[in-house]
Amino acid sequence: MSENAIAKKIHENRKRLHISQKELGEKVGVSNRAVSKWENSLSYPSTETCYKLAEIFKISMDMLMTENKSIDGEWKPEHGMESVRELYRIGRGPSSSHSMAPEKACQMFREENMNADSFKVVLFGSLAKMGKGHMTEYVVNKVFEDRHHEIVFDNETKDIPHPNTMDLYAYRDGTQIDYRRVLSVGGGKIVVEGRRRKDAEVIYELDSFSEIASLCRKEKIRLWQYVEEIEGKGIREYLREIWEVMKESISGGLQASGTLPGGLEVQKKAGYLYSQHHIDESSETKENRLVCAYAYAVSEQNASSEIVVTAPTCGASGVLPAVMYYQQERRGYSDEMIINALATAGLIGNIIKANASISGAECGCQAEIGSACSMAAAGLAELFGLTLEQIEYAAEIAMEHHLGLTCDPIHSLVQIPCIERNAVAAMRAINAVSLASFLSGSRKISFDLVVRTMYETGRDMSRNYRETSEGGLAKLY
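A brief look at the structure comes next. Note that the structure is predicted; figures quoted are calculated from it, not measured. (Residues numbered from 1 in each chain as written. Predicted model: local features only at pLDDT ≥ 70, side-chain atom pairs only at ≥ 80, totals over all residues. Heavy atoms only, no water.)

1. What to know about the sheet that holds strand β4 (residues 148-154)
Reasoning step 1: With mixed pairing, the 5 strands of this open sheet are ordered in space as β4-β3-β5-β6-β7. At either margin of the open sheet sits one strand with a lone partner, and together these are β4 and β7 (189-192). Each neighbouring strand pair of the sheet contributes to a mean axis angle of 25°, computed without reference to strand direction.
Reasoning step 2: With 7 bridges connecting them, strand β3 (residues 118-124) and β4 associate as parallel partners. Paired with L123 across the two strands is F153, which belongs to β4.
Reasoning step 3: Relative to the sheet, helix α8 (residues 136-143) contacts β3 and β4, its axis offset from that of β4 by approximately 160°. (Pairing = 2+ DSSP bridges. Helix = DSSP H or I, 4+ residues; strand = E, 2+ residues; numbered from the N terminus. Axes fitted to C-alpha atoms, helices over the stretch in contact; angles between N-to-C directions. Contact = heavy atoms within 4.5 Å.)

Quick look at the structure:
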């Protein structure tokens, strides 16, 4: 991004909040002269300061750093979206931000320093707080297992650019030869500080549900057709692979037994739930039991560091597959119809990711489980052939009733309350679709509005409830 562009963004946002250059400088720890230089393109704020500015302005880092977006006193989303391939990722659990992304960062750093004989990794913020339970320590040890290495859990440093920050050092004969600061920004994605972001290409020009729905009405197409139109026919093959991995996660989880790793001695319950049918079991009870069994299956696989699909994250990976698999088993939907539903769900997840966050460390569990529930509700509404208005309302209901949900995993493990939350959210997605099918014509809240609300709620939430295990159940258990 050019200095002129960020200068304009800082000036627009400061004016929007009606604060002086001196007041803004005090908030970020610089002089009013420094702020003046930023706004006049005479200097450029550091990455760390940019994150502070985004916090103060209550906008995402992407919104601050994206060119050609005028604020004009109103909340506006980031322009454009990446492929749904960037949302649905296949990888090893238990956490996209704490295991998948750090593993990727360490592998990259090692490949760039093949001549190093030792490494040091310093974990900050949520990575330090949750690093043992969320398997960050495990993946770092795995990457550097044949080299001398040290892992430091820094729980004291607060002045960091992102809740998931890590520093990597490479040494040769005791001398430091390289250094990187890496940010795990959610969904398995990393940003290397000081290095131009190699983001995936922005292929969607539209990034709000209202804009996309308007286009679909004009062209008389469904949401999955819009995805295919933007992404190309190849997206179907990718989603077919995603669906296969989801089904394998369910199958593996239903067959697994014993206790989950980590020390809480949590029993694997998916297989038990699946087998507990009764002769006089009602259809409603059976649906509840099976949907929950499938959600438990994927979530328990994730907690065991097995392969799952981020939907949109590892911690929320059980919701969407559970709903889709149950409907396919019960109603006989073809894989092609499921792929249509996954495309629709992915589009919903993409809108949330572009306009708010899917990171528990940034916005709490509402950003993970809430997003997953919205995705599942939209996907199911597509399977049922509901209208655009009904699909939007189903996704909105699903998110609205997760607003404020905290991320407070006990012992930093993605087990309690995470696994059960996947099951509850899967059932809530089904209920949201049922309600939306009757009442979409009288609704007052749009999906775009509830996404904005989720983001602002998350930014206002105490850090104790944003994936640090310092509040809620994690504190009191």
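2. Considering the environment of W243
Reasoning step 1: Turning to its location among the elements, W243 is positioned in helix α11 (residues 234-255).
Reasoning step 2: For W243, a relative accessible area of 1% puts it in the buried group.
Reasoning step 3: Each C-alpha atom of the pair W243 and V309 lies 8.9 Å from the other, and the pair is 66 residues apart in sequence.
Reasoning step 4: The residues touching W243, leaving out its near neighbours within four places in the chain, are P321, M324, Y325, Q328, D335, I338 and L342. (Buried < 20%, exposed > 50% of the residue type's maximum accessible area, 1.4 Å probe, protein only.)

3. Let's talk about the packing of α11 against helix α13 (residues 283-303)
Reasoning step 1: Their axes nearest at 7 Å, the elements α11 and α13 cross at an angle of 90°. In terms of orientation, α11 and α13 fall into the roughly perpendicular class. Packed against α11, whose contacting residues are M246, S249, I250, G252, G253 and L254, the element α13 presents A293, Y294, A297, V298 and Q301 at the interface.
Reasoning step 2: Among the residues forming the contact of α11 with α13, the class breakdown is 7 nonpolar, 4 polar and no charged. (Parallel < 35°, antiparallel > 145°, perpendicular 65-115°, else oblique. Nonpolar A, V, L, I, M, F, W, Y, C, P; charged D, E, K, R; others polar.)

4. Here we look at α8
Reasoning step 1: Where α8 is concerned, the buried positions are T136, V139, V140 and V143. Down the axis of α8, the sector holding all buried residues measures 100°, keeping them to one side.
Reasoning step 2: Residues of α8 that are buried in the fold lie against α6 (96-112), β3, α7 (125-130) and β4. (Arc of directions from axis to C-beta.)

5. Notes on unusual backbone geometry
Excluding glycine, most residues fall at negative phi; most peptide bonds, likewise, are trans.
Reasoning step 1: Following G93, the chain continues to P94 via a peptide bond in cis, the omega torsion being 15°.
Reasoning step 2: By secondary structure assignment, the location of P94 is in the loop between β2 (90-92) and α6.
Reasoning step 3: In this structure, P312 follows A311 across a cis peptide bond, with omega equal to 5°.
Reasoning step 4: Relative to the helices and strands, P312 resides in the loop between β9 (307-309) and α14 (319-331).
Reasoning step 5: Within the chain, E265 stands out as a residue other than glycine whose phi angle is a positive 60°.
Reasoning step 6: Tracing the chain through its elements places E265 in the loop between α11 and α12 (270-275).
Reasoning step 7: If you check the backbone angles, H411 has positive phi at about 55° while not being a glycine.
Reasoning step 8: Position of H411 among the secondary structure elements: in the loop between α18 (388-400) and α19 (418-439).

6. Remarks on the pairing of strand β6 (residues 175-186)
Reasoning step 1: As judged from the 8 bridges shared by strand β5 (residues 165-172) and β6, these two strands associate in the antiparallel manner. Bridge pairing in β6 links R172 to T175.
Reasoning step 2: Taking the residues between adjacent antiparallel strands as the criterion, β5 and β6 are bridged by 2 residues, where D173 takes a positive phi near 55°.
Reasoning step 3: Sheet topology note: the β6/β7 ladder contains 4 bridges and is antiparallel.

7. Considerations on the nonpolar core
Reasoning step 1: In terms of nonpolar packing, the biggest core is built from 105 residues, with Y88, L320 and M324 touching the most fellow members.
Reasoning step 2: The element that contributes the greatest number of residues to this core is helix α15 (residues 335-355), accounting for 11 residues.
Reasoning step 3: Beyond its immediate chain neighbours, meaning those up to four positions away, Y88 contacts Y238, L239, I242, M246, V309, T310, A311, L320, L342, A345, G346 and M375.
Reasoning step 4: Counting 22 residues, the second largest nonpolar core, distinct from the first, contains F119, L168, A170 and V192. (Core = buried A, V, L, I, M, F, W, Y, C linked by side-chain atoms within 4.5 Å.)

Nothing here speaks to function; it is all geometry.
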